[in-house]
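Observations on the model geometry
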Amino acid sequence: MMSAVLCLFTTLGGYVLTSALLLKFPNLLHRRKQHKFRCRHISHRGGAGENLENTMAAFQHAIDLGTDMLELDCHLTKDEQVVVSHDGNLKRSTGVNANISDLNYCDLPPYLCQLDVTFEKDCCCKGGEDKHIPLLKDVFEAFPGTPINIDIKENNNVLVKKVSALVKEYNREHLTVWGNADYDIVQKCHKENCGIPLLFSFQRVLLLVGLFYTGLLPFVPLREQFLEIPMPSIIMKLKDPSKMSRSHKFVVWLADALIMRKSLFDHLTARGIQVYIWVLNNEEEYKRAFDLGATGVMTDFPSRLKEFLEKCSH
């Protein structure tokens, strides 16, 4: 009996030590993933707090500020044009209750004069002259050397194929990352073009966290190259805490405590997996993300993030 217990503890101890060693030095087992870009400053929808989201004006403003990456969303029109828009239904952004998939590109209405900033409570962005929903190819043509993060918003085979074809046409496989929180969409993306780097889906994030806490993560190969996750604590900023139940607050706290782990981010970074945290809009949030080891931060206010990074570099 004693020998069996000793064997168990010896085996368990060996597993824990090996896991801890490989967590710290994953390249002993895995080849580090290589990328053509490494991004710290990422403009969410082009910077939805400073220009109307997902417009060419927003993208140009972010580029002029020196952003490292543009984040945008894609849908497919009735005439199979890939457009840059977050919502599939246009009610919120244009005031017209119609789906993009039901309209030809030439019939898409313009954006409203001002839009709510999703991740900034009680904040609206007033737009300028550009209220036009752009084509993805317009963005590729205008910013040929800029990394672009594409959220495929529909589980649509044609959309995936069209985006892949555009990425190939503009020779952007080395400057693009794509995916969605939905596992099925990410699977289709990978099957369609395994040469475009992938984002983790929500299901794979849950698996990642499970592997991390069981000590199995250092032993498991990962095909994704980018972890793009929210900072759960920002939910407290977006909602009225007095209207949240204790259980809701606990879930937010637990999610934040489990996911926002420096040792996890450091391990992924050592494996060449970039970690992007969204959507952060103030200095306190920026600092926390980078202190935790995030590669980059996604923001609605590219000017604020630029100022923060410049201050930190001095």
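Residues numbered from 1 in each chain as written. Predicted model: local features only at pLDDT ≥ 70, side-chain atom pairs only at ≥ 80, totals over all residues. Heavy atoms only, no water.

Located in the positive-phi region is Asn-54, a residue other than glycine, with phi close to 55°. Assignment of secondary structure puts Asn-54 in the loop between strand E1 (41-44) and helix H2 (56-65). Here Asp-122, not a glycine, exhibits a phi torsion of approximately 55°, which is positive. Inspection of the secondary structure puts Asp-122 in the loop between strand E4 (114-116) and strand E5 (124-126). (Helix = DSSP H or I, 4+ residues; strand = E, 2+ residues; numbered from the N terminus.)

What follows concerns the UniProt feature "transmembrane region" (unreviewed entry) in the protein. Feature annotation in UniProt assigns "transmembrane region" (unreviewed entry) to the following positions: residues 198-220. In the segment residues 198-220, helix accounts for 57% and strand for 0%; the C-alpha atoms at its two ends are 17 Å apart. (UniProt positions renumbered as here; feature names shortened; annotations may be inferred.)

On to the packing of helix H11 (residues 283-291) against helix H12 (residues 302-313). One way to put it is that H11 packs onto H12 with a least axis distance of 10 Å and a crossing angle of 55°. Here H11 is positioned oblique relative to H12, judged by the angle of their axes. For the pair H11 and H12, the crossing hand works out as right-handed. Residues Glu-283, Tyr-286, Lys-287 and Phe-290 of H11 touch H12, and the partners they reach there are Arg-304, Leu-305, Phe-308, Leu-309 and Lys-311. (Axes fitted to C-alpha atoms, helices over the stretch in contact; angles between N-to-C directions. Parallel < 35°, antiparallel > 145°, perpendicular 65-115°, else oblique. Left-handed = near helix turned anticlockwise from the far one by under 90°. Contact = heavy atoms within 4.5 Å.)

With that settled, the discussion passes to the pairing of E1. Burial along E1 is two-sided: His-41 and Ser-43 and Ile-42 and His-44, pointing in opposite directions, are all buried. Across three bridges, the pairing between E1 and strand E10 (residues 296-299) is parallel. Each residue of the ladder has a partner; that of Ser-43, found in E10, is Thr-299. Where E1 and strand E2 (residues 69-76) come together, three bridges link them in parallel fashion. By the bridge assignment for E2, His-44 is matched with Glu-71. With respect to chirality, the unit in which E1 leads through H2 into the neighbouring parallel E2 is right-handed. (Buried < 20%, exposed > 50% of the residue type's maximum accessible area, 1.4 Å probe, protein only. Pairing = 2+ DSSP bridges. Right-handed = clockwise from strand over helix to strand, strands pointing away.)

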